[in-house]
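# Topology and contacts: notes
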Amino acid sequence: MLMLMCVCVRLQLFYSFFKSLVGKDVVVELKNDLSICGTLHSVDQYLNIKLTDISVTDPEKYPHMLSVKNCFIRGSVVRYVQLPADEVDTQLLQDAARKEAMQQKQ
């Protein structure tokens, strides 16, 4: 039960963080090596992501994606999300990580 609670707390932390980035440009790298650049439109509690105004970083490899303007990405297929450095509050993330670590010790 404790492990499940820790996973839920981590997901909630990431969910809250991504919600603060709505409207910002991000790059989402999928597990199949496709990288999609776009504006973060929304994110849900499962870390599913909706992007608008998308483009792919390698259009020669994925020409069928050139006509796509918006997309929904299932959270389980995301490998990385690259964020704008100036939009990330590292102090807030460090504080949240410390708080989570303290809760796990109890």
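Okay, so let's go over this structure. Keep in mind that this is a model prediction, so the values were computed, not measured. (Residues numbered from 1 in each chain as written. Predicted model: local features only at pLDDT ≥ 70, side-chain atom pairs only at ≥ 80, totals over all residues. Heavy atoms only, no water.)

## Description of the sheet that holds strand S2 (residues 35–43)
Going by this rule: When DSSP locates at least two bridges between a pair of strands, those strands are taken to pair. Strands are runs of DSSP state E lasting at least 2 residues, helices are runs of H or I lasting at least 4, and numbering of each runs from the N terminus. To obtain an axis, a line is fitted to C-alpha atoms, over the contacting stretch when the element is a helix, and the angle between two such axes runs from 0 to 180 degrees between their N-to-C directions.
Taken in spatial order, the 5 strands line up as S4-S3-S2-S1-S5 in an open sheet, and their pairing is antiparallel. Where the open sheet ends on each side, the last strands, each with one partner, are strand S4 (70–73) and strand S5 (78–82). Neighbour-to-neighbour, the strand axes of the sheet open up by a mean angle of 40°, direction not taken into account. With 4 bridges connecting them, strand S1 (residues 25–30) and S5 associate as antiparallel partners. Within S5, the position partnered with Leu 30 by the bridge is Val 78.

## Focus: the pairing of S4
The condition is simple: Burial here depends on accessible area, computed with a 1.4 Å probe over protein chains only, as a share of the maximum for the residue type. Under 20% is buried, over 50% is exposed, and the range in between is partly exposed.
In S4, alternate side chains face the same way, and those of Cys 71 and Ile 73 are buried while those of Asn 70 and Phe 72 on the opposite face are not. Both strand S3 (residues 49–56) and S4 contribute to a ladder of 4 bridges, which runs antiparallel. Paired with Thr 52 across the strands is Asn 70, a residue of S4.

## Let's talk about the layout of surface pockets
Cut-off, in case you're wondering: Buriedness for pockets is judged along seven lines, at least five of which must meet protein on both sides within 12 Å for an open set on the 1 Å grid over protein atoms alone, while cavities are sets there where a 1.4 Å probe fits but cannot get out, and lining residues have an atom within 4 Å of a point. Grid points are joined across faces, edges and corners, and a volume is the space filled by probe spheres set on the points. Polar here means any residue other than Ala, Val, Leu, Ile, Met, Phe, Trp, Tyr, Cys and Pro, which are nonpolar, and Asp, Glu, Lys and Arg, which are charged; Gly is therefore polar.
Roughly 160 Å³ of internal volume is contained in the largest pocket. What lines the largest pocket is simply Leu 13, Ser 16, Phe 17, Ser 20, Leu 21, Glu 87, Asp 89, Leu 92, Leu 93 and Ala 96. When residues of the lining of the largest pocket are traced back to their parent elements, those giving at least two are helix H1 (2–19) and helix H2 (90–105). Its residues assigned to classes, the lining of the largest pocket comprises 6 nonpolar, 2 polar and 2 charged.

## Details of the environment of Asn 48
Put simply, the test is: Whether two residues touch is decided by their heavy atoms; if any such pair falls within 4.5 Å, the residues are in contact. Any pair of N or O atoms that falls within 3.5 Å is considered a polar contact. Within protein, one atom must be able to donate a hydrogen and the other to accept it, and sequence-neighbouring residues count only if both atoms are side-chain atoms.
Tracing the backbone shows Asn 48 in the loop between S2 and S3. Residue class for Asn 48 comes out buried when judged on its relative accessible area of 13%. Apart from the residues within four sequence positions on either side, Asn 48 is in contact with Ser 42, Val 43, Phe 72, Ile 73, Arg 74 and Gly 75. Separated by 2.7 Å, the side chain of Asn 48 and the backbone nitrogen of Gly 75 make a polar contact.

## Brief notes about the pattern of salt bridges
Rules: Each reported salt bridge corresponds to a side-chain nitrogen of Lys or Arg within 4 Å of a carboxyl oxygen of Asp or Glu.
Here the structure, examined in full by the defined rule, presents 3 salt bridges. Ionic pairing is found between Glu 29 and Arg 79, a salt bridge with its closest N-O pair at 2.8 Å. Of this pair, Glu 29 sits in strand S1 while Arg 79 is found in strand S5, placing the two residues 50 residues apart along the sequence. A salt bridge links Asp 95 to Arg 98; its shortest N-O distance comes to 3.1 Å. On the criterion of helical spacing, the pair formed by Asp 95 and Arg 98 is a turn pair, its members being 3 residues apart in helix H2. Connected via shared salt-bridge partners are Glu 29, Asp 33 and Arg 79.

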